[in-house]
Amino acid sequence: MLMSVTLTLLEGFVVTLELFLLTLLFALPLGLVISFGSMSRCAPLRWVVKTVVWIVRGTPLMLQIMVVFYGPGLMFDLPLLPRFTAAVVTFVINYACYFSEIYRGGIQGVPAGQQEAGLVLGMTRSQIFFKVTLLQVIKRIVPPMGNEFITLVKDTALVRVISVYEIIWMGESYIKKGMIWPLFYTAVFYLVANGILTLLFSWFEKKLNYFK
Amino acid sequence: MPVLDVQHIEKHFGATRVLEDISFSLEQGQALAIIGSSGSGKTTLLRCLNFLETPNQGKILVNGETLFDADDPATQREAEVRKKRLHFGLVFQSFNLFPQYTALENVTLAGELLAKERPDFKQNKKTILEEIRTQGQALLDRMGLADRAGHYPHQLSGGQQQRVAIARALALQPDILCFDEPTSALDPELTGEVLKVIRSLAEQKTTMIIVTHEMAFARDVADQVIFMDGGIIVEQGPARQVIESPREERTRQFLSRYSEN
């Protein structure tokens, strides 16, 4: 029994992990673009970006999933996106906005003197960003990013509102068969995944400890 | 012909006039000390020379070439400004070393990046990089840091960090080396080692501009002294004369406040 439940839940967990990895793949770079937008010298662009970030961070992710999935059909009579695609799109936009704020904090936290030192040494702005600033930004953002990654693993459970068959959905389906424990058993999968993430992040933090 | 010729520089931040009609020149191999109380415009002046601030008025000439002219936007293009900065070196009050690089890498980084723009870089990559590294190591030796080349900034004392920063500025062989209060962020027992290095640079006839609060040092090491107050040059002349027998009342007041402390 345990074996068959484990295998079924694992099937759901693969969906969870796919959503997790695809979200990171697109949201990490998109977040950087958004953070540059929110720091732009062009005021109108800055306002647009900040408004988008406000809306995305200011409303529930669950609601956003439903809007992306049902919205196009209800408002414009468009065909529905595949459920999983709608989930990925929502998560990418949502997490990119959170990441952008973490990036912004990291970039603005690097002392202006670093940039100035690069400038007086005749470096270009892109050389300064890639050779001087970037690693210092990464070092600063590792702890808050660790938090976001772990939250993301658990947030994936929300996609069951549009019937994406991730692990919680799989666990719940056993209730109909009179079994409640598989639902609680799903926690083990989350704990293992987040345990690995925690270890990876602390390893990476130590790696960057060679400078201060 | 002077190495540096600064003509009628003005700088305002909004309504605040930080620099007014600043003019001076500097001969090859001379050291110029700029003294004055905080907020007198000394640091802003150095930042203007290094193109970290854009003056609202005036001209800056190096070796007779106009590097900056407030009336000529062609002299202010970003791509050219980058090359023009290389005429000047700047040592910051807070060192501003790159924390993720060793002392030696701090000294060589900019040189390596510039070398990539050389047309022969691809063919002679190894020799060029080797040369830059040898030169960097030699500079650290000169700063008395031969055994610290592989240390990261946080493993060095403030005085050592500032000497790495001086080596880093020297590595690009600027025409004029600028110091912005190089010892103000240091504990008193560490200022000596940095001042000693600057003194030896002066003995080797390095052209320098030193913003400093160390009056005795300015008197002994600099050839010329400028006293600034409220964004203007109140008095300039030979170092010994300005510091020991100033002509202006404001200079006298400033210096007497210093000797009281």
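Note: the structure precedes this text.
All figures in this text were calculated on a predicted structure; none of them were measured in a lab.

Asker: Hey, could you run me through the overall build of chain B in this one?
Answerer: Broken down by element type, chain B carries nine helices and 10 strands. Computed over its C-alpha atoms, the radius of gyration of chain B comes to 19 Å, within 12% of the 18 Å expected for a compact globule of 261 residues. Based on the C-alpha atoms only, the size of chain B along its principal axes is roughly 60 × 45 × 35 Å. For chain B, the proportion of its 261 residues judged to be buried stands at 44%. At a minimum sequence separation of 6, the contacts of chain B that also span at least 24 residues come to 65%.

Asker: What exactly am I supposed to notice about unusual backbone geometry here?
Answerer: Excluding glycine, most residues fall at negative phi; most peptide bonds, likewise, are trans. All names here are of chain B. Positive phi outside glycine occurs at Phe51, with the angle close to 60°. Positionally, Phe51 belongs in the loop between α1 (42-49) and β4 (57-62). Its identity as a non-glycine residue notwithstanding, Lys205 has a phi of 60°, on the positive side. Inspection of the secondary structure assignment puts Lys205 in the loop between α6 (188-203) and β8 (208-211). A count of 11 C-beta atoms within 10 Å places Lys205 in the exposed class.

Asker: Would you take a moment to explain the pairing of strand β5 (residues 65-69) of chain B for this structure?
Answerer: Here is the key point about a regular strand: its side chains alternate between the two faces of the sheet. For β4 of chain B and β5 of chain B, the ladder comprises four bridges, and the chain directions are antiparallel. Bridge pairing in β5 of chain B places Val62 of chain B opposite Glu65 of chain B.

Asker: What is the right way to look at the sheet that holds strand β10 (residues 232-238) of chain B in this model?
Answerer: The strands making up a sheet associate through hydrogen bonds between their backbones, and the pairing can be parallel or antiparallel. Residue and element names in this part refer to chain B. The six strands are arranged β6-β7-β8-β3-β9-β10 in an open sheet whose pairing can be described as mixed. With partners counted over all chains shown, the strands left at the sheet margins are β6 (88-91) and β10, one partner each. Each strand axis lies, on average, 15° off the axis of its neighbour in the sheet, ignoring direction. As paired strands, strand β3 (residues 31-35) and β8 are joined by four bridges and run parallel to one another.

Asker: Can you help me understand the nonpolar core in this one?
Answerer: Inside soluble globular proteins, nonpolar side chains tend to come together where they are buried. Counting residues in hydrophobic clusters, the biggest one holds 76 residues, and the most contacted among them are Ala33, Cys178 and Val225 of chain B. In terms of residue count, helix α5 (residues 158-171) of chain B provides more of this core than any other element does, seven residues in total. Ala87, Tyr95, Ala96 and Tyr103 of chain A belong to the second largest nonpolar core, which has 25 residues in total.

Asker: Would you take a moment to explain the packing of helix α1 (residues 2-38) of chain A against helix α2 (residues 43-58) of chain A for this structure?
Answerer: Each packed pair of helices is defined by two parameters, the angle between the axes and the distance between the axes. Residues and elements named next belong to chain A. Running from amino to carboxyl end, α1 crosses α2 at an angle of 130°, the nearest separation of the two axes being 7 Å. Comparing their axes, α2 and α1 come out oblique. From α1, Ile34, Gly37 and Ser38 reach across to α2, where they touch Leu45, Arg46, Val49, Lys50 and Val53. Residues belonging to the contact of α1 with α2 are distributed by class as follows: four nonpolar, two polar and two charged.

Asker: Even after reading the chapter, I still don't get the sheet that holds strand β1 (residues 4-13) of chain B, so can you show me in this structure?
Answerer: Residue and element names in this part refer to chain B. Strand order across the open sheet formed by four strands is β2-β1-β4-β5, with antiparallel pairing between neighbours. Two strands close off the open sheet at either side, each with one partner strand: β2 (16-26) and β5. Ignoring which end each strand starts from, the neighbouring axes of this sheet average 20° apart. The strands touched by α1 are β1, β2 and β4; relative to β2, the strand with the most contacts, the crossing angle is about 65°.

Asker: Would you mind going over the interface of chain B and chain A with me for this structure?
Answerer: In many reports, interface size means the accessible area that the parts give up when they come together. Listed by partner, the interface residues are 20 residues for chain B and 18 residues for chain A. Counting residues per element, the ones that place at least two in the side of chain B that touches chain A are α2 (78-85) and α3 (103-115) of chain B. Considering each element in turn, the side of chain B that touches chain A owes the most residues, four residues, to α3 of chain B. Along the lines of polarity and charge, the residues of the side of chain B that touches chain A split into 12 nonpolar, five polar and three charged.

Asker: In this structure, what is going on with the pairing of strand β9 (residues 224-229) of chain B? I would like to understand it.
Answerer: Residue and element names in this part refer to chain B. Along β9, six of the six residues are buried, which leaves the element largely enclosed by surrounding structure. Taken together, the four bridges between β3 and β9 define a ladder with parallel strand orientation. Paired with Ile34 across the two strands is Ile226, which belongs to β9. For β9 and β10, the ladder comprises six bridges, and the chain directions are antiparallel. Across the sheet, Ile226 pairs through a bridge with Gln236, a residue of β10. Between β9 and β10, which follow one another and run antiparallel, lie two residues, and Gly230 among them has a positive phi close to 60°.

Reading the values: rules and limits
Residues numbered from 1 in each chain as written. Chains lettered and ligands numbered in written order. Predicted model: local features only at pLDDT ≥ 70, side-chain atom pairs only at ≥ 80, totals over all residues. Helix = DSSP H or I, 4+ residues; strand = E, 2+ residues; numbered from the N terminus. Rg over C-alpha atoms; globule rule 2.2 N^0.38 Å. Buried ≥ 20, exposed ≤ 12 C-beta atoms within 10 Å, placed from the backbone. Contact = placed C-beta atoms within 7 Å. Pairing = 2+ DSSP bridges. Axes fitted to C-alpha atoms, helices over the stretch in contact; angles between N-to-C directions. Core = buried A, V, L, I, M, F, W, Y, C linked by C-beta atoms within 7 Å. Parallel < 35°, antiparallel > 145°, perpendicular 65-115°, else oblique. Nonpolar A, V, L, I, M, F, W, Y, C, P; charged D, E, K, R; others polar.

In short, the description is geometric, and any link to function would need to be established separately.
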